[in-house]
Amino acid sequence: MHHCCSIVPIDVIRRLSRDRALSDETRGHLVQTASVDVELRKLRKQSGSVTTAALQFAPSVSIAVAPAITVYDCKSSQTTPGSPIATPDNSVDPDAKQVFDTTNRLAAFYSSVFGRNSIDNGGMTIMSSIHYGANYNNALWIGSQMVYGDGDGKLFADFCNEDDVIGHELTHGVTQHTLQLAYTGEAGGLNEGNSDVFGSMFRQWNANEDVDQADWLIGAGIMGPIARQRGYTCLRDMAQPGAAHCLAAQPTNYAQLTPNMDPHYSSGVPNSAFYKMAKAIGGKSWGTAGQIWYATLTGMPPTPNLSMKAFADFMRGCASQLNPGNNSVIQAVDQAWSAVGL
């Protein structure tokens, strides 16, 4: 079974493509998106394999003190990276400026909050291609760069204009260069969960929100008018993973997971754990809770088939090491994972 690390689960795209209440044109765009997504996932998988092989023989080398941010225009083609945009920060194309600015903010987030220098912690250039395809309904990390579709304007809005989407997808790159989690089984759920966790933290950091002010939604800004008319306000909700307003509602407990479940769904377990942990600790999510999560992501050697139980237990240890004697924090982490069945 092939799953795709795009922000919108491929089964949602396929389900909507079969919805006779939608126009033939809209369903056609969804069919094209699903077909392309499967092939783009192969690029990401191959790039991840190269990363894994390379790091076995040589440590990563810092190539820059801070990452360069580049943006390319596919001009509705499926040719990547596309035509380079010389000065995206001053571009007349609002998508170019938006992606450039938000990607810079994400690099600053990882640097200032976690001391990380770009995706690979070595100053890797962060490349983005905008206007990919015609009415392409997704955004994804393909192993070496970002690809953004414009959406069809009906079910989905422009994928460039949501900071948690950008944070989510680029965090797949961080996972590729740290735990190197596979995209199947429990590891796949952790892979997607890490991206939602850091995507949500990034959105909250951008807005300077604490855990009580945040709405904890993923992908709210990419919901198009038809999706909203049907009552969908987001892709996922970390506070209520199984809620009906989520286009891709998730299980909330480990016992609900099934073999070969799409990682976009099994990630409901770590998503819920982080939400519960952050709420119990209080304050800013990227503070104590975020530091514990990042230490877990970067504290283990590459473990492609990591189980959720092993991840949770390692995090319990990180909580104790980072907060010695602080029983309220240690208990918050332990109880959050216990609440989701781990």
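Here the structure is a predicted model, which means the values were calculated and not measured. (Residues numbered from 1 in each chain as written. Predicted model: local features only at pLDDT ≥ 70, side-chain atom pairs only at ≥ 80, totals over all residues. Heavy atoms only, no water.)

Peer 1: Break down the packing of aromatic side chains for me, citing the residues and quoting the values.
Peer 2: With the rule as written, the count across this model stands at 18 aromatic pairs. Judged by centre distance (5.5 Å) and plane angle (70 degrees), the ring pair of Phe114 and Phe198 falls under edge-to-face. On the criterion of sequence distance, the pair formed by Phe114 in helix H3 (residues 94-114) and Phe198 in helix H5 (residues 185-207) is long-range, its members being 84 residues apart. The same class applies to Phe114 as to Phe198, namely buried. Here the aromatic rings of Trp293 and Trp337 are separated by 5.8 Å at their centres, their planes lie at 20 degrees, and the arrangement is stacked. Here Trp337 lies in helix H11 (residues 327-339) and Trp293 lies in helix H9 (residues 288-299), a separation of 44 residues in the sequence. The pair formed by Trp293 and Trp337 is uniform in burial state, with each residue classed as buried. (Phe/Tyr/Trp six-rings, centres within 6.5 Å; stacked < 30°, edge-to-face > 60°. Helix = DSSP H or I, 4+ residues; strand = E, 2+ residues; numbered from the N terminus. Buried < 20%, exposed > 50% of the residue type's maximum accessible area, 1.4 Å probe, protein only.)

Peer 1: Describe the packing of H9 against helix H10 (residues 308-322), and please don't skip the residues or the numbers.
Peer 2: With their axes 9 Å apart at the nearest point, H9 and H10 run at an angle of 120 degrees to one another. Taken together, the axes of H9 and H10 lie oblique to each other. For H9 against H10, the interelement crossing comes out right-handed. Contacts between H9 and H10 involve Gln291, Ile292, Trp293, Ala295, Thr296 and Gly299 from the first element and Phe311, Phe314, Met315, Cys318, Ala319 and Leu322 from the second. (Axes fitted to C-alpha atoms, helices over the stretch in contact; angles between N-to-C directions. Parallel < 35°, antiparallel > 145°, perpendicular 65-115°, else oblique. Left-handed = near helix turned anticlockwise from the far one by under 90°. Contact = heavy atoms within 4.5 Å.)

Peer 1: Go over the side chain of Arg27, please, and point to the residues and values.
Peer 2: Mapped onto the fold, Arg27 is located in helix H2 (residues 24-57). Residues contacting Arg27, with those up to four places away along its chain left out, are Leu16, Ser17, Arg18, Asp19, Arg20 and Leu22.

Peer 1: Account for H9, naming residues and giving values.
Peer 2: With 12 residues, H9 should cover 16 Å at 1.5 Å per step; its first-to-last C-alpha distance of 16 Å lies within 8% of that length. All of the buried residues along H9 are Ala289, Gly290, Ile292, Trp293, Tyr294, Thr296 and Leu297. Residues of H9 that are buried make contact with H3, helix H4 (163-176), H5, helix H8 (268-281), H10 and H11. (Expected span 1.5 Å × (residues − 1).)

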